[in-house]
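Fold and contact review
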Amino acid sequence: MLSHDIANRQQKIYESLYSKHLQRAFIEMKRLTARLQDWNSNEELATIETSYRYMIQYMLDGVKDPERMQVYNHLIVSAYRLTDAICERLLTRDSMTLYFGKKRVAITSGKSLARVFSELVEALSTLSIAEFFPGKEETDKRTEVERAACDFFDKVWTNFPASPEDCAAISEALQPQRVPAPIAALTVSALTLNLLHAFDEDKTNILIDTYLHHNNTEVQMRALCGLFFVLQQYHRRLPLYEKLHSRLSLLLDDKRFIIDMRNILVQFIRSRDTEKIVRKINEEVLPQMMKISPALYKKIKEDDALNDLESLERNPEWQEIIDSSGIADRLQEINDLQMEGADVFMGTFSHLKGFQFFNEIANWFLPFMQQHTALAPLFGNNEKSKSLAQLISASEFLCNSDKYSFCLSLTQVPEEQRRLLTSQLNEETIAMQEMAESDVYPKDKSRENTSNRYIHDLYRFTKLFPRRNEFRDLFTISIEELMQVEVLTPIINDEQLMRLLGEYFFNNEYYTDAAYIFVLLTGNNFTDSELYQKTGYCFQSTDNYEVALEYYLKADLIKPDHLWTLRHIAPCSRYMKKTDRALEYFLRADKIAPDNLSVNLNIGHCYLELKQYDKALQYYFKVNYLDAKGTKARRPIAWCSFLINKKEQAWHYYTKILNDQPNAQDFLNAGHVAFAMGDIKKALELYLSSIKTDGGNTERFAQSFEQDIPDLLHAGVSADDVPILYDQVLYQAGENKEEKS
C-alpha cells in the first residue's frame, strides 16, 4: 500500500467517524490492520468494535443508560487514536517525507525524548561556563547547543504516539526559567508541528499551560498561535474530549485570552493580502523605481558622488526626483500597510531562503539570536557590530526568519556597502521608533507585534520551505471554516469585529468571505440598507444572481428609489431572463437619473430583448444624442435598424462602425445588412473579413451565422440563397487558408 493510499484511507476513516458511521470506519480500519499485520492492533480494534456492538444490543433491549453517549464518544476517540497509531506505523515504514525520515533517524538513535532533553540541558550548562572564556571553546560549545536544540526540535516534532514520560519531558522544557526563552519558543513550534501532524489531548493541554503560565511573551504568543491552528484543524474532534472542551470554554472568561486570540485571528485573516502586496511591489513600485533610476544616476553623476556611497544618503535632491515620479504615494501606501501589521517583506526576503542555515527545519522557527554561530562572520566584538545586532534585534517589523535572511545576506556583502545598509537601517529604525512613539500609533502592542511576527514566520515556512508540499497549508482556511471552531465563534461573533472583518473582505474583493459575514450581520439588522446592498453585491460578484437579487430587493424596501440599488436589481433580473422586471427597475432609475447613459442604454437592450424594436431605438438614439463621442449606441442602433427593415439606416451606422476598429461580430452583422440589401459580393467580402478577424475560426462563424438565419429571413433574404452563400463563404475561407499555408 503506497503512502498516499494510507493517507487517503485515514481521511476516509476520519470522515466516517465524524459522521458517526462507525461500522464503515471499522471496515476501513481492518484493511489497515491487515496491512500492518500487528496482533495488538487487531485485538484493540476488535475490543472497540465488540464494545460498540454490546452498546447497540443494550439499546435494542431497551436498557436505559445515562452514560451511553459518554461511552459512545469514548469509542470514537479510541477509534481516532488507533487509526492514527496504525497509520503512523505504516508510514514510518514506507513514507519518504521529511517527517518520517526524521522519525526513522530518531528511532535508530534509541534515545528517548527525555534523554534528548537532558542532553540539551547539559549542553546549555556547559555553554554557560564556556561563556566566561570567549574564544574557540565557547564557539564549539555554542555549536553543540545549536545541534542539541535542533535534535530536540526533531524529537518533539516526530514524537507520536507519546508516552506519559514524553509529555512530562515536553512540559518540563516549557516550564518558566527551565531553558532559555529562545529554546522554549522553538520547542513550542516543534510541539505545534507535532499536533498538526497528529492530535493529542495531553499535548494540547501543554500548549494551553504554556500560554497561561510561561513568563516570556514570545513563548506565550507562539503557544496561542499554535493553539489557534490546532483548534481549527481538529474542531470536529474536540467536542469528544470533555475535559479539554470544558477547559477551552473556560478560557473564554479570560479577558487577555480574548484579546490575544482576536489579534491572532485578525493577523491570520490579513495574511491573505501578502501575495497581493508582493505583486503590488513587484509590478507597480519596483518598475516605477527602475524608471526613475536613470534620472537619479544622472543627478549623482552631476554631483560627482559616484564613488562616495555616504553622499547618496545625504543628497536631498533624491526626494525631488521621487516626488516628481509619483512613486511617493505608492511608497506611503506600503508604509501604511506595514504600520497596520501587513507582511510587506515577503517578496523582499523570499529569495533569501537558500542559505544552508535554512536547510535545517528548526531554523525556520528559531527566534533571532545574534550569538548564533551562523552569524559570527557578521557580529564581531567591535561596537559597530554590536550596534548592528541591536538594531536588527529591535526591529518590530522583521520576523525572525527575515532577520536571519538579512544578516546572512550581509555576510556576503563588501564592508563599504554593509556600512551603507547599516546606516540606512539605523535611519529607518529611528523613523519607525518615532512613529511608534507618536500619538497616531497605538501603544502597548508588544503581544500583538510578537504574534504578528510569528504569523509571518509561519507564512514563510508554509510558502517557502523547500518541502512545503509535505505540510498542510495553514493559510487557506476560509472565514466560514473558522466560524465552525466552537471556541472561536464567541470571539468572532462580536458585531463590531464582524463588521470590521466584513468590510475588510469586501474592500479587498474577498466576496465569498464578505458575503458569509454580511449574511450573519443581516440576521440581526433589518434597517441598514447599505449592509443589504453590499451583501447583494458580494453574491453578484460570485455569480449568484438569484441570492444577490434577494438582498437588493430587501435594500430597496428599506431605502426605496436608491439609484445604485435600482441599477443592480435590473442587471440581476436581466441575467436571470426576467427582462420585464429588469425593464421596470431601469425605468425607475431613469426617472431619478434621466440622462444617465448606462441606464438609457440598458432600457434599450431590454426593449430589444422584448422585441419592442421601435421603443429600443428611441432610447438608443437618446444615448447617441447624450454621448459626446457618439459611439456607445452605434452597434445597437445599427442592429435594431436592421431588425425593423430600415436597411439604409443600418448600413449608415455599420459604415461608421467598420471605419472604427471593427470586430468579427461587426463584420458579420454588416454582412447580413449587405445580404439583405442584395449586395451579395459585399456580403461575401464582409463575412470573410469576420472569419479573418476572428483568427480564421470558421466554426465560430458558422455557429453565429446559423443563429442569425431567422433574422436574415425576416429581413427578406431568400431561404434558398442563404445556404448557397454560406457554403461559398466556407469554400473561400478554406482556399484562403490553403494559400497562406
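As a starting point, this report considers the structure included with it.

Cut-offs used in this document
Residues numbered from 1 in each chain as written. Predicted model: local features only at pLDDT ≥ 70, side-chain atom pairs only at ≥ 80, totals over all residues. Heavy atoms only, no water. Helix = DSSP H or I, 4+ residues; strand = E, 2+ residues; numbered from the N terminus. Buried < 20%, exposed > 50% of the residue type's maximum accessible area, 1.4 Å probe, protein only. Axes fitted to C-alpha atoms, helices over the stretch in contact; angles between N-to-C directions. Left-handed = near helix turned anticlockwise from the far one by under 90°. Contact = heavy atoms within 4.5 Å. Nonpolar A, V, L, I, M, F, W, Y, C, P; charged D, E, K, R; others polar. Core = buried A, V, L, I, M, F, W, Y, C linked by side-chain atoms within 4.5 Å. Phe/Tyr/Trp six-rings, centres within 6.5 Å; stacked < 30°, edge-to-face > 60°. Lys NZ or Arg CZ within 6 Å of the ring centre and 35° of its normal.

**A look at unusual backbone geometry**
- Between F160 and the following residue, P161, the backbone shows a cis peptide bond with an omega angle of -5°.
- If you trace the backbone, P161 turns up in the loop between α7 (136-157) and α8 (164-173).
- Its identity is not glycine, yet N645 carries a phi of approximately 65°, on the positive side.
- Position of N645 relative to the elements: it lies in the loop between α33 (634-643) and α34 (647-658).
- Residue N645 is classed as partly exposed on the basis of its relative accessible area of 35%.

**Observations regarding the packing of helix α35 (residues 664-676) against helix α37 (residues 698-714)**
- Contact geometry for α35 and α37: axes closest at 11 Å, N-to-C directions at 35°. In this structure, α35 meets α37 at a crossing whose hand is right-handed. Residue-level contacts link Q665, L668, N669, H672 and F675 of α35 to F701, S704, F705, D708 and L712 of α37.
- Each residue belonging to the contact of α35 with α37 can be placed in one class, and the counts come to five nonpolar, four polar and one charged.

**Regarding the nonpolar core**
- In terms of nonpolar packing, the biggest core is built from 216 residues, with F257, F365, L482 and Y687 touching the most fellow members.
- Those residues in contact with F257, other than ones at most four positions away along the chain, are Y211, L224, L227, L251, L252, V487 and I491.

**Considerations on the packing of aromatic side chains**
- Overall, the coordinates contain 48 aromatic pairs when judged by the stated rule.
- Above the ring of Y211, the side-chain terminus of R256 is found at 4.9 Å from the ring centroid.
- The ring centre of Y551 lies 5.2 Å from the NZ or CZ of K554, which sits over that ring.

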